[in-house]
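Residues per chain, in single letters:
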Amino acid sequence: MRAFLLLLLLFPVLELFVFVKVSAAIGFFPALLLIIAGSALGVLVMRVAGLATALRARESLQRGELPAEDMFQGLMLAVGGGLLLLPGFISDVLGLLCLLPFTRRLVAGKLRRRAEEQAMRQRAFQDDPFQAQPRDGGQRPNVIEGEYERRDK
């Protein structure tokens, strides 16, 4: 959590530092135009990617498949578009990385492996042989407690 807070505090300072360096190299107005163009590209990407992801997810559902991969691709496109919306060159580079198909597949593979490892760890602890069993040796019944009221018409 501390690393996230530190990153949150340092990110605007780094963005400002990079903007000053770039504006010193190419001029203030061209650097400002680059940032505005990046934001416009972010708006365009979020609009087009959202519609395309919704259409692909709908097609997957019509085929009877779960659209998990399509939803993840849409999420990465939305994150990339959101990063492009933020003013600054570092966020634009990170946003463009999220938009590239190669990096999306790379991140998707890493996240899938982490999710599988997490599922294996949870499954390993879920089937605990030393867990207390009921005294009668059988399964515990599912009991749902509640109240009811009889209404005669």
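Residues numbered from 1 in each chain as written. Predicted model: local features only at pLDDT ≥ 70, side-chain atom pairs only at ≥ 80, totals over all residues. Heavy atoms only, no water.

Per an unreviewed UniProt entry, the protein chain goes by the name Membrane protein FxsA and belongs to Pseudomonas maumuensis.

1. Concerning the side chain of S91
Where we set the bar: Numbering of helices and strands starts at the N terminus; helices are DSSP runs of H or I of at least 4 residues and strands are runs of E of at least 2. Here a polar contact is taken to be a pair of N or O atoms separated by no more than 3.5 Å, where protein atoms must pair a possible hydrogen donor with a possible acceptor and residues adjacent in sequence count only if both atoms sit in side chains. We call two residues in contact when some of their heavy atoms are within 4.5 Å.
When you line up the elements, S91 lands in helix α4 (residues 89-99). At 3.3 Å, the side chain of S91 forms a polar contact with the backbone oxygen of L86. Apart from the residues within four sequence positions on either side, S91 is in contact with F11, E15, L83, L84 and L86.

2. Considerations on the UniProt feature "transmembrane region" (unreviewed entry) in the protein chain
This is how it is decided: UniProt positions are given in the numbering used here, feature names are shortened, and annotations may be inferred rather than shown by experiment.
Here, the residues flagged by UniProt with the feature "transmembrane region" (unreviewed entry) are residues 34-55 and 75-102. Across residues 75-102 one finds 86% helix and 0% strand; the C-alpha atoms that close the span lie 15 Å apart.

3. Let's talk about the packing of helix α1 (residues 2-26) against α4
The relative placement of two packed helices comes down to the angle between their axes together with the axis-to-axis distance. Here is the rule we go by: Under this scheme, a helix contributes an axis fitted over its contacting stretch, all axes are lines through C-alpha atoms, and angles between N-to-C directions fall in the 0 to 180 degree range. For this classification, under 35 degrees means roughly parallel, over 145 means roughly antiparallel, 65 to 115 means roughly perpendicular, and everything else is oblique. All amino acids are sorted into three groups, where Ala, Val, Leu, Ile, Met, Phe, Trp, Tyr, Cys and Pro are nonpolar, Asp, Glu, Lys and Arg are charged, and the leftover types, Gly among them, are polar.
One can describe the packing of α1 onto α4 by two numbers: an axis separation of 7 Å at closest approach and a directional angle of 100 degrees. When the interaxial angle is binned, α1 and α4 end up roughly perpendicular. Note on element contacts: α4 touches α1 through F89, I90 and S91, opposite F11, L14, E15, V18, F19 and V22. Its residues assigned to classes, the contact of α1 with α4 shows seven nonpolar, one polar and one charged.

4. Brief notes about the packing of α1 against helix α2 (residues 28-62)
Worth spelling out the cut-off: Here a crossing is taken to be left-handed if its near helix is turned anticlockwise relative to the far helix by less than a right angle, and right-handed if that turn runs clockwise.
As a packed pair, α1 and α2 sit with axes 7 Å apart at the nearest point and diverge in direction by 125 degrees. Comparing the axis directions of α1 and α2 gives the class oblique. Considering the relative orientation of α1 and α2, their crossing is right-handed. From α1, F19, V22, S23 and I26 reach across to α2, where they touch F28, P30, A31, L32, L34 and I35.

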